[in-house]
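Here is how the chains run, residue by residue.
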Amino acid sequence: MLSHPAHILAQGFGSGLSPVMPGTMGTLFAWFSFQVFSTRWPLLFTPLHWSGIIIAGFLIGIWACRVTGKHLGVSDHGSMVWDEIIAFWAVLLFVTPASSAVQTWAFLLFRFFDMVKPPPIRYFDRHLKGGFGVMWDDIVAAFFTLLTFALWRAI
């Protein structure tokens, strides 16, 4: 991880190196960091600033995941969790403020869509390669999570 700056980012500051469910660990890291930053520095981590961080993080993530995938010899290596981090930050941006229960449902739904990869997530996962492909399928999983919340609230 420490051999290149891209690896530090792509591997979620070490959260993706977990031997058990690295994607889930990356998503937990995203949840924890979002809460810490938003609570500790609320004037700095506003919804507008989070939006900018997520957009910049997505673009930088394309580079970091491309470089890391190339160095590891696998375009979407399991240890790369920056895609989960950025996508779950986006989910949290849209569902918070929310109770712990709602955030837990957001976490579970996002993990479901990210792991099961229903269409069209599976299509993007299989056909888009490189850094963009790594990042994009998780953004679509985040969209499905938010769509589920919107439908749930509409009922």
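The structure this text deals with has already been given above.
These remarks concern the structure in this document. Because the structure is a prediction, the values reported are computed rather than measured.

**As for the overall build of the protein**
- Scanning the protein from N- to C-terminus turns up 7 helices and 0 strands.
- In terms of C-alpha radius of gyration, the protein reaches 15 Å, essentially the compact-globule figure of 15 Å for 155 residues.
- For the protein, the spread of C-alpha atoms along the principal axes amounts to about 45 × 35 × 30 Å.
- Put simply, 71% of the contacts in the protein that link residues at least 6 apart link residues at least 24 apart.
- Carbon and sulfur atoms form 74% of the exposed surface of the protein, whose accessible area is close to 8,200 Å².
- Side-chain charges in the protein split into 9 positive and 7 negative, and the spacing between the mean points of these groups amounts to 2 Å.

**Concerning the pattern of salt bridges**
- What the rule picks out here adds up to 3 salt bridges.
- The salt bridge partner of Asp137 is Lys117, with a shortest N-O separation of 3.0 Å. Of this pair, Asp137 sits in helix α7 (residues 130-154) while Lys117 sits in the loop between α5 (100-116) and α6 (121-127), and the two are 20 residues apart along the sequence.
- Given the relative accessible area of 1%, Asp137 is considered buried.
- With a relative accessible area of 16%, Lys117 lands in the buried category.
- Taken together, the shared-partner salt bridges connect Arg111, Asp114, Lys117 and Asp137 into one network.

**Section: a nonpolar patch on the surface**
- Judged by side-chain polarity, Val20, Met21, Met25 and Leu28 come together as a nonpolar surface patch covering roughly 330 Å² of accessible area.
- Considering the arrangement of structural elements, one finds Met21 in the loop between α1 (5-10) and α2 (22-40).

**A few points about the environment of Gly12**
- Considering the arrangement of structural elements, one finds Gly12 in the loop between α1 and α2.
- In this structure Gly12 comes out as buried when scored by relative accessible area, which is 0%.
- Gly12 sits 14 residues away from Gly26 along the chain, and the two C-alpha atoms are 6.2 Å apart.
- Apart from residues lying up to four places away in sequence, Gly12 is in contact with Phe29, Val81 and Ile85.

**Quick look at the packing of α2 against helix α4 (residues 82-95)**
- Across the interface, α2 lies against α4 with an axial gap of 8 Å and an inter-helix angle of 45°. Here α2 is positioned oblique relative to α4, judged by the angle of their axes. For the pair α2 and α4, the crossing hand works out as right-handed. Between α2, through Gly23, Gly26, Thr27, Phe29, Ala30, Trp31, Ser33 and Phe34, and α4, the contact on the second element is made entirely by Glu84, Ile85, Phe88, Trp89, Leu92 and Leu93.
- Partitioning the contact of α2 with α4 into residue classes produces 9 nonpolar, 4 polar and 1 charged.

About the criteria used
- Residues numbered from 1 in each chain as written.
- Predicted model: local features only at pLDDT ≥ 70, side-chain atom pairs only at ≥ 80, totals over all residues.
- Heavy atoms only, no water.
- Helix = DSSP H or I, 4+ residues; strand = E, 2+ residues; numbered from the N terminus.
- Rg over C-alpha atoms; globule rule 2.2 N^0.38 Å.
- Contact = heavy atoms within 4.5 Å.
- Areas by Shrake-Rupley, 256 points an atom, 1.4 Å probe, with all protein chains shown as cover.
- Lys, Arg positive; Asp, Glu negative; His and termini not counted.
- Charge placed at Lys NZ, Arg CZ, Asp CG, Glu CD.
- Salt bridge = Lys/Arg side-chain N within 4 Å of Asp/Glu carboxyl O.
- Buried < 20%, exposed > 50% of the residue type's maximum accessible area, 1.4 Å probe, protein only.
- Patch = residues over 30% accessible without salt bridge, like charges linked within 9 Å, V, L, I, M, F, W, Y side chains within 5 Å.
- Axes fitted to C-alpha atoms, helices over the stretch in contact; angles between N-to-C directions.
- Parallel < 35°, antiparallel > 145°, perpendicular 65-115°, else oblique.
- Left-handed = near helix turned anticlockwise from the far one by under 90°.
- Nonpolar A, V, L, I, M, F, W, Y, C, P; charged D, E, K, R; others polar.

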